[in-house]
Amino acid sequence: MTVLWLVLLASLSAFNLGVFLWAVIQHFLNVEIPSSLKHPVKLRFLHCVMLYIIAVGNILEKLRICSMPRFIQSFHDLIVTKKNHNLVVTNMNFGTIPVRLFQPKAVSSKLRRGIIFCHGGGSICGSLDCYHNLCSCLAQETDSVVLSVGYRKLPDHHHPSVSKDCLNASIYFMKGLTTYGVDPSRVVVCGESVGGGILATVIQALFSFPSLPKICAQVLITPVMQLINFRLPSHQQNQNVPLLTKDIIMMSLCKYVDIDLSWKDAIFNGTCIPPDFWKKYRKWLSSDNIPRRFKSKSLLPESPGPFNETAYLETKQVLDAEISPLLIDDKIIAQLPQAFLVSCENDPLRDDTLLYKKRLEDQGVPVTWYHVEDGFHGCIILFDKQPFSFPCSMKIVDAVITYIKGI
């Protein structure tokens, strides 16, 4: 029996070593590290680990042992959350939606600001625990009550479950703001990556509930604002930059909207976009609205490839305005609250932020824009993860805190 266990352990070690070596080779064959990124060795290591976890997850999924998203999510249980003695942290459910409430312990003579937080992770990873320390930091440093929403994720839940959960949790919270010590006139939404894009749609949906308090500000950190034009300058320039490469974007998108991965090239090249659709929305989705300094001379043509009707029928979910808040009409955009938008230079989603910024400004919505030259997608979650934090991580956290304190 001992020999059998030794053989099994040796086999598992060899398997894991082989997969990790494959991940390292794939990283160095495909990844580009821009000169503006600091601590490149650290970033390379993190990306190799990410590729390794995804690869093992895919192998387990093919063997029908465990789905890839569920395997990645199993690592959430390993995350250590820091206890903040200045806060009361309460886990609860709004209906079936798990949420976590962060409330300062100190007595306040007036109602506090409220923050509705929606985490990133592409609906594959990310959790209340993953973003616990960030929400704790926001609650303490801004003296606010923070509600973190633990929306449903893959593999069991696809679009529009995430949007529905965040909307329903927001409505539930806003109906009882004073119960949580929150000033109804000072409610902020704050989201990162897919969470930022979802909250942009939530704000729009809340216009259908006039009896609820109005959101006073939106803080969107490297948000996903559209799933249509993947030939924007930032997608072309940063498609091989960690931690969010083109392959990871396409995999996450297809799983999120429940599209077979074989259609990823049609989505990326735009052959699934009907000509009439592109003609109608080009004014909001094209690089014409991107400042010249973000464009390089080596960019490929932006116009979608030859229209493929079969691809359109298989992937038309991506054209839904519910997951692309950039498509909302001007009259709704004009009603949105002031915004704080964060973009990172080395992020394929950088131009989503720039396009949203332009749309808001064109309709007279006050916008504060914070651009991080040495930033990359997802860096904010590493702000306290020593030794894997980066200077850009803390820059973003500090900028968000400063903005929110000014509201």
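Residues numbered from 1 in each chain as written. Predicted model: local features only at pLDDT ≥ 70, side-chain atom pairs only at ≥ 80, totals over all residues. Heavy atoms only, no water.

A count of helices and strands for the protein gives 14 helices and eight strands. The C-alpha radius of gyration computed for the protein amounts to 21 Å, which stays within 12% of the reference 22 Å derived for 407 residues, consistent with globular compactness. Judged by the C-alpha coordinates and their principal axes, the protein covers about 65 × 55 × 40 Å. The buried share among the 407 residues of the protein stands at 55%. Long-range contacts, defined here as pairs at least 24 residues apart, represent 77% of the contacts in the protein between residues at least 6 apart. On the protein, roughly 18200 Å² of surface is accessible, and the fraction owed to carbon and sulfur atoms is 58%. Distance between charge centres in the protein, computed from 40 positive and 33 negative side chains, equals 4 Å. (Helix = DSSP H or I, 4+ residues; strand = E, 2+ residues; numbered from the N terminus. Rg over C-alpha atoms; globule rule 2.2 N^0.38 Å. Buried < 20%, exposed > 50% of the residue type's maximum accessible area, 1.4 Å probe, protein only. Contact = heavy atoms within 4.5 Å. Areas by Shrake-Rupley, 256 points an atom, 1.4 Å probe, with all protein chains shown as cover. Lys, Arg positive; Asp, Glu negative; His and termini not counted. Charge placed at Lys NZ, Arg CZ, Asp CG, Glu CD.)

This next bit is on the packing of helix H2 (residues 40–62) against helix H8 (residues 246–256). It is the contact of H2 with H8, at a shortest axis distance of 13 Å, that shows an interaxial angle of 40°. Taken together, the axes of H2 and H8 are oblique relative to one another. As H2 packs across H8, the resulting crossing turns out to be left-handed. For the pair H2 and H8, contact is made by His47, Met50, Ile54 and Glu61 and by Ile248, Met251 and Lys255, respectively. Residue classes in the contact of H2 with H8 are distributed as four nonpolar, one polar and two charged. (Axes fitted to C-alpha atoms, helices over the stretch in contact; angles between N-to-C directions. Parallel < 35°, antiparallel > 145°, perpendicular 65-115°, else oblique. Left-handed = near helix turned anticlockwise from the far one by under 90°. Nonpolar A, V, L, I, M, F, W, Y, C, P; charged D, E, K, R; others polar.)

Let us look at unusual backbone geometry. Between His159 and the following residue, Pro160, the backbone shows a cis peptide bond with an omega angle of 10°. In this structure, Pro160 sits in the loop between strand S4 (144–149) and helix H5 (161–175). The backbone of Asp143 sits at a positive phi, close to 55°, despite the residue not being glycine. Within the secondary structure, Asp143 is located in the loop between helix H4 (132–142) and S4.

Right, let's talk about the side chain of Asp183 for a bit. Position of Asp183 relative to the elements: it lies in strand S5 (residues 182–192). Among buried charged residues, Asp183 stands out as having no salt bridge; its nearest opposite-charge side chain is Arg186, 4.6 Å away. Within polar-contact distance, the side chain of Asp183 engages the side chain of Ser185 at 2.9 Å. In this structure, Asp183 is in contact with Leu111 and Arg112, ignoring residues within four places of it in sequence. (Salt bridge = Lys/Arg side-chain N within 4 Å of Asp/Glu carboxyl O. Polar contact = N/O pair within 3.5 Å; in protein donor to acceptor, adjacent residues only side chain to side chain.)

Across six bridges, the pairing between strand S7 (residues 338–344) and strand S8 (residues 367–372) is parallel. Directly across from Phe340, in S8, lies its bridge partner Thr368. Handedness of the S7-helix H13 (residues 350–362)-S8 crossover: right-handed. (Pairing = 2+ DSSP bridges. Right-handed = clockwise from strand over helix to strand, strands pointing away.)

Time to look at the packing of aromatic side chains. Summed over the entire model, instances satisfying the criterion amount to 15 aromatic pairs. Judged by centre distance (4.7 Å) and plane angle (45°), the ring pair of Phe277 and Tyr281 falls under tilted. Placement of both Phe277 and Tyr281 in helix H10 (residues 275–285) is noted, with a separation of four residues, approximately one turn of the helix. Judged on exposure class, the residue Phe277 and its partner Tyr281 are both buried. (Phe/Tyr/Trp six-rings, centres within 6.5 Å; stacked < 30°, edge-to-face > 60°.)

Here we come to H4. Counting buried positions along H4 yields nine of eleven residues, so the element is predominantly enclosed. Among the residues of H4, those classed as buried are His132, Asn133, Leu134, Cys135, Ser136, Cys137, Leu138, Ala139 and Thr142. Contacts made by the buried residues of H4 are with strand S1 (87–94), strand S2 (97–104), strand S3 (112–118), S4, S5 and helix H14 (391–405). Immediately downstream of H4, the backbone of Asp143 shows phi near 55°, a positive value.

Here eight strands make up an open sheet; going across it, the order is S1-S2-S4-S3-S5-S6-S7-S8 and the pairing mixed. Of all the strands in the sheet, just S1 and S8 have a single pairing partner and so form its edges. The sheet shows a mean angle of 15° between the axes of neighbouring strands, direction not considered. Packed on one face of the sheet, H13 meets strand S6 (217–221), S7 and S8 and runs near 155° to S7.

A cluster of nonpolar side chains, contributed by Trp5, Leu6, Leu8, Leu9 and Leu12, occupies part of the molecular surface with about 520 Å² of accessible area. Following the sequence through the fold, Leu9 ends up in helix H1 (residues 2–30). (Patch = residues over 30% accessible without salt bridge, like charges linked within 9 Å, V, L, I, M, F, W, Y side chains within 5 Å.)

None of the figures reported here should be taken as evidence of function without further support.
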